[in-house]
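An overview of the molecular structure
The chain contents come next:
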Protein chains: 2
Amino acid sequence: MPLPEEVKKRLIAARRKRLLTAGEYVSGIEKGDRFILSRAITLVESTKEEHRALAREIISKCLSLSGNAFRVGITGVPGVGKSTFIESLGKHVIAGGSKLAVLTIDPTSNVTGGSILGDKTRMEELSADERAFIRPSPAGDSLGGVARKTREVMILCEAAGFDTIFVETVGVGQSETAVHSMTDFFLLLLLPGGGDELQGIKRGIVEMADAIAVNKADAQPAAAKEAKRAYRNAVHLFPAKESGWPVRTFLCSALQREGLDKIWQELRRYRSQSKENGYFELKRRTQALYWFEETIQERLGHAFRKHPAVANKMPELADAVVAGQITPFEAADDLLKLFL
Amino acid sequence: MPLPEEVKKRLIAARRKRLLTAGEYVSGIEKGDRFILSRAITLVESTKEEHRALAREIISKCLSLSGNAFRVGITGVPGVGKSTFIESLGKHVIAGGSKLAVLTIDPTSNVTGGSILGDKTRMEELSADERAFIRPSPAGDSLGGVARKTREVMILCEAAGFDTIFVETVGVGQSETAVHSMTDFFLLLLLPGGGDELQGIKRGIVEMADAIAVNKADAQPAAAKEAKRAYRNAVHLFPAKESGWPVRTFLCSALQREGLDKIWQELRRYRSQSKENGYFELKRRTQALYWFEETIQERLGHAFRKHPAVANKMPELADAVVAGQITPFEAADDLLKLFL
């Protein structure tokens, strides 16, 4: 006999108050308990040291349960229809039997006071589906911090049995490099047209893409076809990817749910092919080392800048560098002497 | 009455032996004495601490005399004809009344034991001309080191009155980012054809270019025109440059000395336009801060990796990261605790 709603609510409220042990978190996550998963993610995002310590323990225990999902980065300028695309593709993916987690990276969210991506209600159908889990961008004081948290949330989601992870990013800042460095496949969404919509995209992002999808092809079919043709030719001109994977260009309409099956097929084809030739695993390992290096660099730099003597001298030297009164190398040496 | 050759030779030999003072170096450089300039550059390249100290003093005194040259980065895959191009364009430039210094960055040179770029004899006519100064790549134990030395050599050349600096790089490694970050204009040389020659070029380099020149247009006119058309279209599709400068594509034949005047006009047009709208100065300042930051990061990282406890623990942790036994963030924290 199921518990009465009244009792359930009280139990949940009690559980909410008590801080679970790391073991309880992990066993809940492993069972796919979304409530416990959410609470664990909140710990990852917390700035309190006791929460961070608990989060580290949970992540450490979840590590061996993680790594099995297919991680897909999705980017595009505002207005390209990312939310609709993710909702449509997401529904397609879960209809195929997958469990999908959607994470977002949006380092602007704590600057503007509200995330431009992290609006859970935008993906209404997907967020109502129990096979999907949507989590907005964690706030952070640096891109590195946001990236770390997103990677840790990814580990928790994978341990909870999500086999497909979408990481959404806004495509105008530096977060794409971070997302590119934590996903297996990087999908770029573009609008129909002759390239003007790229004015808002950072240079270098197009070359990161493993596939390009021109969205809103229903509204502007001719312009979409023209864009597809142009990007196909352009991509062909650019240097081959390290993976050897040929970047293809697709048309779709997320709103009409057209063309998404072909895109998902392409992603699956990439996954099986790169797993077969070993590139999938190689990329994962390279990414892990990349974050190892990046984290060391970021924290070394942070400790350096926070050092009182360095912090005191830095502005003066930076001004002298900009004014051309001292070489950047000489100035760096002067500062390092204060620290090392 | 001029000194007899015999006496001159003895004086020069004596001067060669004696280490000049920083003031003597600077006054020689300021007078455009190529012999003294060369010796100062040798000091910059030296690994001996006494030489480095003297070099620092010279550079420091030369700083106020530098910064007035137009700095042009030139890159392209091996076989594209960079040397011939630089010789031809260089002769065009000095015929217009300029004084030209050609520097090369080739971080592979101390790996292979010989520079693939730094062969002074390749540019025979230019190296015989007193209005030009050609200096092969300084060796270095890191790209950062090579970049620093090249930037310092640039300062000395500018103080010696060279108003145009070409920095040549091979286009297949990471040195392009370095060259891009120390020059005002970045020129990419390509071969005729449909993009296959880009297979050897690193991704991201095409987007760095401020102009593209398809060389060897005399040998394959149809393929060159086709390449020009294709790149023009492709470049148009890619995001606008921060400078707002529209990237144009040119045809040339360095061997036949055709099309070089148009390319040089384009470069001069960029210089005057970007000086007018302030981007020229802004970029210079941004570059100085970039090298300040880069140098700090590089040397912090170096000190970190050389730290005995870190060096001892690093391989084990890196292995654990790659094996997925520990998150990159956790491993980085563990290492940092040994250092900070």
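Quantities reported herein were computed from a predicted structural model and do not represent experimental measurements. (Residues numbered from 1 in each chain as written. Chains lettered and ligands numbered in written order. Predicted model: local features only at pLDDT ≥ 70, side-chain atom pairs only at ≥ 80, totals over all residues. Heavy atoms only, no water.)

**Remarks on the side chain of A:Arg71**
All names here are of chain A. Where we set the bar: Each helix is a run of H or I in the DSSP string that is no shorter than four residues. Each strand is a run of E no shorter than two, and both are numbered from the N terminus. A 1.4 Å probe rolled over the protein chains alone gives each residue an accessible area, and that area as a share of the maximum for its type sets the label: buried under 20%, exposed over 50%, partly exposed in between. In what follows, a contact means two residues having at least one pair of non-hydrogen atoms within 4.5 Å.
Here Arg71 shows up in strand E1 (residues 70-75). By relative accessible area, Arg71 is classed as buried at 7%. Excluding its chain neighbours within four sequence positions, the residues that come into contact with Arg71 are Met154, Glu158, Ile165, Met182, Thr183, Asp184, Phe185 and Arg284.

**A look at unusual backbone geometry**
For residues other than glycine, phi is negative in most cases, and the peptide bonds are mostly trans. A positive phi is found at A:Lys216, a non-glycine position, where the angle reads about 60 degrees. With respect to the helices, strands and loops of the structure, A:Lys216 is situated in the loop between strand E6 (211-214) and helix H11 (221-237). Look at B:Arg257: it is not a glycine, yet its phi comes out positive at around 55 degrees.

**Let's talk about the sheet that holds strand E6 (residues 211-214) of chain B**
Residues and elements named next belong to chain B. Note the cut-off: In this analysis, strands are considered paired if DSSP registers two or more bridges between them. Fitted lines through C-alpha atoms give the axes, limited to the stretch in contact for helices. The angle between two N-to-C directions lies from 0 to 180 degrees.
Strand order across the open sheet formed by seven strands is E3-E2-E4-E1-E5-E6-E7, with parallel pairing between neighbours. The sheet is open, and its two edges are formed by strand E3 (132-135) and strand E7 (248-251), each paired on a single side. Put simply, the sheet's adjacent strands are angled 20 degrees from each other on average, direction ignored. For strand E2 (residues 100-105) and E3, the ladder comprises four bridges, and the chain directions are parallel. Each residue of the ladder has a partner; that of Ala101, found in E3, is Phe133.

**Here we look at the domain arrangement of chain A**
All names here are of chain A. The line we're drawing: Boundary definitions for the domains trace back to an automatic or database domain assignment. Defined in terms of a 1.4 Å probe, buried area is the accessible area two parts forfeit on being brought together, summed over both. The term salt bridge refers to a pairing of a side-chain nitrogen on Lys or Arg with a carboxyl oxygen on Asp or Glu at a separation within 4 Å. The term polar contact refers here to a pair of N or O atoms within 3.5 Å; inside protein, the definition further demands a hydrogen-donor-capable atom paired with an acceptor-capable atom, and it admits residues adjacent in sequence only when both atoms are side-chain atoms.
When the domains of chain A are assigned, the result is domain 1 (1-65), domain 2 (66-277) and domain 3 (290-339). Listed per partner, the contact involves 10 residues of domain 2 and four residues of domain 3. Buried surface at the junction of domain 2 and domain 3, both sides included, amounts to about 470 Å², of which 60% is carbon and sulfur. Taken together, the links from domain 2 to domain 3 amount to zero salt bridges. Applying the counting criterion to the domain 2 and domain 3 interface returns one residue pair in polar contact (both at pLDDT 80 or more). Listed by contribution, the elements that provide at least two residues to the side of domain 2 that touches domain 3 are helix H8 (143-159) and helix H9 (175-180).

**Let's talk about the interface of chain A and chain B**
For interface size, the figure often reported is the accessible area lost on association. So the rule is basically this: Under the scheme applied here, ten amino acids are nonpolar (Ala, Val, Leu, Ile, Met, Phe, Trp, Tyr, Cys and Pro), four are charged (Asp, Glu, Lys and Arg), and all others, including Gly, are polar.
Contact residues are listed per partner, giving 58 residues for chain A and 58 residues for chain B. With both chains or domains summed, chain A and chain B bury close to 5500 Å², and 69% of this area falls on carbon and sulfur atoms. When the buried area of chain A at its contact with chain B is split by residue, A:Arg203, A:Leu237 and A:Phe329 rank highest and sum to 16% of it. Run the count over chain A and chain B and you get four salt bridges. Salt-bridge contacts for A:Glu330 lead to B:Arg56; the nearest nitrogen and oxygen are separated by 3.9 Å. The interface formed by chain A and chain B contains two residue pairs in polar contact (both at pLDDT 80 or more). Elements with a minimum of two residues in the side of chain A that touches chain B: helix H4 (49-62), H8, helix H10 (205-208), H11, helix H13 (279-306), helix H14 (308-322) and helix H15 (328-339) of chain A. With 13 residues, the single largest contributor to the side of chain A that touches chain B is H13(A). In terms of residue class, the side of chain A that touches chain B is made up of 35 nonpolar, 11 polar and 12 charged.

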